[in-house]
Amino acid sequence: MKFLIKLAVFCGVVLVLVGLGAALTPNLTKNRGSELAMAIDNVNPAVKTETVYADTTVKPVRHYIGGGGEHEYVYEMQTYNQKGEARKLHFESQWVLKPHRYLKITTKGQNVETWEAIDRGNVPSGVRQNLMMS
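Here's a quick rundown of the structure.

About the criteria used
- Residues numbered from 1 in each chain as written.
- Predicted model: local features only at pLDDT ≥ 70, side-chain atom pairs only at ≥ 80, totals over all residues.
- Heavy atoms only, no water.
- Buried < 20%, exposed > 50% of the residue type's maximum accessible area, 1.4 Å probe, protein only.
- Helix = DSSP H or I, 4+ residues; strand = E, 2+ residues; numbered from the N terminus.
- Arc of directions from axis to C-beta.
- Phe/Tyr/Trp six-rings, centres within 6.5 Å; stacked < 30°, edge-to-face > 60°.
- Pairing = 2+ DSSP bridges.
- Polar contact = N/O pair within 3.5 Å; in protein donor to acceptor, adjacent residues only side chain to side chain.
- Core = buried A, V, L, I, M, F, W, Y, C linked by side-chain atoms within 4.5 Å.
- Contact = heavy atoms within 4.5 Å.

A look at helix α3 (residues 125–133)
So, point 1. Along α3, the residues that are buried comprise Val127, Arg128, Asn130 and Leu131. For α3, the angular spread of buried residues about the axis comes to 160°, placing them on one side. Away from its buried face, by an angle of more than 90 degrees, α3 presents the exposed residues Gln129, Met132 and Met133.

Structure follows, in C-alpha cells:
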C-alpha cells in the first residue's frame with residue numbers, strides 16, 4: 001500500500017512539472033530561432049498555431065547549399081499577429097524573397113508551418129501599420 005501511495009505522489013509531481021514546463025516554455029522559446037526552440041514548440045501542447053505577417057524587405061542572414069544541392073536562405077523577420085503583438089521569426093526559403101512584399105505565415109511557436117506571398121490589401125490594416133513602422 002505504501003508503494004502505491006509513493007507511486008501516486010511521484011506521478012502527481014511529474015504531471016505538475018510537465019504542466020509547468022508546458023506552460024512556461026512558450027515564453028522561453030519566443031523570439032529564439034534555434035533548432036531546440038523549434039523542437040520544443042513543435043511538441044508543446046500549450047503552443048498554439050497562429051497566423052503572423054511579415055514584410056520581405058530584409059536580407060538573408062545566412063545562405064547555404066542544402067543536402068540536395070539547393071540554395072537555402074535564412075531570414076530573421078519581425079512579424080506581427082492580428083493583435084499587433086511582435087515576434088522575431090527565423091524563416092527559411094529556397095528563394096531570395098522579393099523586397100517590399102508581404103508574407104502570411106502560419107506558425108506553431110517558432111515553426112513555420114506554411115507561408116504565402118500576399119498582396120498589401122490582404123494584410124490587416126493594424127498589422128500593415130506596424131510593419132511599415134518597423
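The rest of the description comes next.
Some details on the packing of aromatic side chains
So, point 1. What the rule picks out here adds up to three aromatic pairs.
So, point 2. Residues tyrosine 75 and phenylalanine 91 carry aromatic rings whose centres are separated by 6.5 Å and whose planes lie at 45° to one another, so their mutual orientation is tilted. Residue tyrosine 75 is found in strand β3 (residues 71–80), and its partner phenylalanine 91 is found in strand β4 (residues 86–93); the two are separated by 16 residues along the sequence. The two residues tyrosine 75 and phenylalanine 91 agree in class, both being buried.
So, point 3. Ring plane angle 85° and centroid distance 5.1 Å describe the contact between phenylalanine 91 and tryptophan 115, whose orientation is recorded as edge-to-face.

Concerning the pairing of strand β2 (residues 62–65)
So, point 1. As paired strands, β2 and β3 are joined by four bridges and run antiparallel to one another. In the sheet register, arginine 62 faces β3, and the bridge partner there is valine 74.
So, point 2. Counting the residues between successive antiparallel strands, the hairpin from β2 to β3 contains five residues, one of them, glycine 69, with a positive phi of roughly 85°.

Examining the pairing of strand β6 (residues 111–118)
So, point 1. In terms of strand pairing, strand β5 (residues 102–108) meets β6 through seven bridges, oriented antiparallel. Residue pairing across strands places isoleucine 105 opposite tryptophan 115, the latter belonging to β6.
So, point 2. The antiparallel hairpin formed by β5 and β6 contains two residues in its connecting segment, where glycine 109 sits at a positive phi of about 70°.

Structural notes on the side chain of arginine 87
So, point 1. Turning to its location among the elements, arginine 87 is positioned in strand β4.
So, point 2. A relative accessible area of 9% places arginine 87 in the buried class.
So, point 3. Within the structure, the side chain of arginine 87 is placed 2.8 Å from the side chain of threonine 107, a separation counted as a polar contact.
So, point 4. Engagement of the side chain of arginine 87 in a polar contact is seen with the backbone oxygen of glycine 109, the distance being 3.1 Å.

Regarding the nonpolar core
As a rule of thumb, nonpolar side chains are buried together in soluble globular proteins.
So, point 1. Among the nonpolar cores identified, the biggest contains 10 residues, and these are Val52, Ala54, Tyr73, Tyr75, Met77, Leu89, Phe91, Leu97, Leu103 and Ile105.
So, point 2. Looking at this core, the elements that each hand over two or more residues are β1 (49–55), β3, β4 and β5.
So, point 3. Sorting elements by how many residues they give to this core places β3 first, with three residues.
So, point 4. The residues touching methionine 77, leaving out its near neighbours within four places in the chain, are Ala54, Asp55, Thr56, Val58, Arg87, Lys88, Leu89, Phe91, Leu97 and Leu103.
So, point 5. One finds Tyr53, Tyr102, Ile118 and Val127 within the second-largest nonpolar core, a separate group that totals seven residues.

All quantities given are derived from atomic positions and should not be read as evidence of function.
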